[in-house]
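Observations on chain architecture
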Amino acid sequence: MPRTCLTIVLAAGAGTRMKSDLPKVLHKVAGLPMVGHVTQRARAAGSGDLAVVVGHGADAVRTELGAIEGDAQFFTQERQLGTADAVMAAMPAIEAGHDDVLVLFGDTPLITTETLTAARAGLADGADLVVVGFRPDDPHGYGRLIEQGGQLVAIREHKDASEAERQIGFCNGGLMAFAGDKLANLLKAIGNDNAKGEFYLTDAVEIARGQGLDVRAIEAPVEDVIGVNTLAELAEVEAIWQERRRRALMLEGVAMAAPDTVHLSHDTQIAPGAALEPNIWFGPGVRVDAGARIRAFSHIEGASIGPNAEIGPFARLRPGTMLSEKAKVGNFCEIKNATVAEGAKVNHLTYIGDAAIGAGANIGAGTITCNYDGFGKHHTEIGAGAFIGSNSALVAPVTVGEGAYVGSGSVVTDDVPADALAIGRSRQVNKDGLAARLRAKLAKAKAAKSAG
């Protein structure tokens, strides 16, 4: 039977060094609050339950994280009396009974599923307490992990360490995993006989050893345990996250001409076979299918890009955009809340908003769907195979039928029937059937030219 797991996330700190009114754990990495990264990794490592300890900015943290993790429990640390005191705030969740309990920090967004899984594996192997350690290039200032015979016997703070202990390069990463049936008693045994009068979770190591429990340390990559305390550190963590994700996508088969210039969101989905040119920004909610090509200097959020579609350069896709297979959105075009069907083209200097463009339609340069009348948004429907001439304005709500033509420079205020030609430069005129006859004439001329 699978082992049950509770994750306690400590998210009560004020984060004064961030110089921001926003609670520290709500600062975003790749568009997701740091604490959201932590809870997602915990979920991926098999944690079925979440207990989040809040304090500073508690209401904001509950609201934003609650939207991400709807079933998370929230507990308030009334006073800032140390890490053990923070974990004690979640005692009702602890007493519910779990095989494993992970204690994580809401400001360590680079923690990986692999590290958390390894910590849980230690518990499954018989450990009562597993501490996650790391080996920084410079261990100065970090607590050292003191081991004997494969057991962790103490965590020694740098200021309290002997010269010999300061030579140890294995340092405390702060993250811990406890056997669920041992944690409550360990917490109750932690005192506050120290200079600050606080209750430190790290004291659980020596207490556990004194009780004859199995205490171990595992090693994680340095990046996994990086905590964020300043906006400068937040930017550094963002860069690491981006590099990790770009590399993973490239190894999966996504081509990137200049990876360092591509900015991804936490939920960006890009299928193998897609290709990205330099200087592309992905906001939340983007899916890119195989064979699609995103050209340079494009800005995309909340959009779905179909197979073999082509975007940009200098294109902006806003939320609600859905491009079908082989659709094209070219340079200096903006699409919002619109569908572009298979093979349709929006090539140059165009705004399409609140619209549906049919298969194979061609939208000329400078076309605008006038979707907002000052009070509400309205829909434009452009039929399959329609041709919209350059510098046209389609005043919604309006429908351009299948195969219809709109003459360049027209202002279209009335529906255009299928296969009609609309010329609305001063007053709109619909010529029934003229578009079909014009196509036939052009086809005949093309055939004659080929024959000659």
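In the block above lies the structure referred to throughout.
To start, this report covers the structure provided alongside it.

Conventions used here
Residues numbered from 1 in each chain as written. Predicted model: local features only at pLDDT ≥ 70, side-chain atom pairs only at ≥ 80, totals over all residues. Heavy atoms only, no water. Salt bridge = Lys/Arg side-chain N within 4 Å of Asp/Glu carboxyl O. Helix = DSSP H or I, 4+ residues; strand = E, 2+ residues; numbered from the N terminus. Buried < 20%, exposed > 50% of the residue type's maximum accessible area, 1.4 Å probe, protein only. Phe/Tyr/Trp six-rings, centres within 6.5 Å; stacked < 30°, edge-to-face > 60°. Disulfide = S-S within 2.5 Å. Pairing = 2+ DSSP bridges. Right-handed = clockwise from strand over helix to strand, strands pointing away.

Where charged atoms from two side chains of opposite charge come close, those side chains can pair. Taken as a whole, this structure holds 25 salt bridges when the rule is applied. Linking Glu334 and Arg316 is a salt bridge whose minimum nitrogen-to-oxygen distance equals 3.8 Å. Of this pair, Glu334 sits in strand E25 (residues 334-340) while Arg316 sits in strand E22 (residues 316-317), placing them 18 residues apart in sequence. Overall, the relative accessible area of 21% leaves Glu334 in the partly exposed class. Given the relative accessible area of 35%, Arg316 is considered partly exposed. Taking the shortest distance from any N to any O, the salt bridge between Arg439 and Asp419 comes out at 2.7 Å. Highlighted residues: Arg439 in helix H10 (residues 434-451) and Asp419 in the loop between strand E35 (411-412) and strand E36 (421-423), separated in sequence by 20 residues. Under the relative-accessibility criterion, Arg439 is labelled partly exposed at 33%. Taking the relative accessible area as the measure of exposure, Asp419 reaches 27% and is therefore partly exposed. Sharing partners across several salt bridges, the network here consists of Glu277, Arg293, Arg295 and Glu310.

For the bond from Gly312 to Pro313, the omega torsion is 5°, close enough to zero to count as cis. Note that Pro313 resides in the loop between strand E21 (310-311) and E22. Backbone torsion omega between Ala396 and Pro397 reads 5°, so that peptide bond is classified as cis. Relative to the helices and strands, Pro397 resides in the loop between strand E32 (393-395) and strand E33 (398-400). A positive phi angle is found at Asn279, which is not glycine, with a value near 60°. Positioned with a positive phi, Asn308 is a non-glycine residue whose angle comes to about 60°.

Here we come to the packing of aromatic side chains. Any pair of aromatic rings gets described here by the distance separating the centres and the angle formed by the planes. Counted by the stated rule, this structure contains four aromatic pairs. Summarising the aromatic geometry, the rings of Phe314 and Phe332 are spaced 5.0 Å apart at their centres and angled 10° between planes, so their arrangement reads as stacked. On the criterion of sequence distance, the pair formed by Phe314 in the loop between E21 and E22 and Phe332 in the loop between strand E24 (328-331) and E25 is long-range, its members being 18 residues apart. Relative accessible area serves as the criterion here: at 48%, Phe332 is assigned to the partly exposed category.

Per the counting criterion, the structure on display carries zero disulfides. No disulfide involves Cys370; its sulfur sits 15 Å from the nearest other cysteine sulfur, which is in Cys333. On the basis of relative accessible area, Cys370 is assigned to the partly exposed category, the value being 27%.

Within a regular beta strand, the side chains point alternately toward one face of the sheet and then the other, so they alternate between its two faces. Sheet topology note: the strand E4 (residues 49-54)/strand E5 (residues 73-76) ladder contains four bridges and is parallel. Across the sheet, residue Val53 finds its bridge partner in E5, namely Phe75. With respect to chirality, the unit in which E4 leads through helix H2 (residues 58-68) into the neighbouring parallel E5 is right-handed.

Among the residues of helix H1 (residues 34-44), those classed as buried are Met34, Val35, Gly36, His37, Val38, Thr39 and Ala42. Among the residues trailing H1, Gly46 stands out with phi positive, at a value near 100°.

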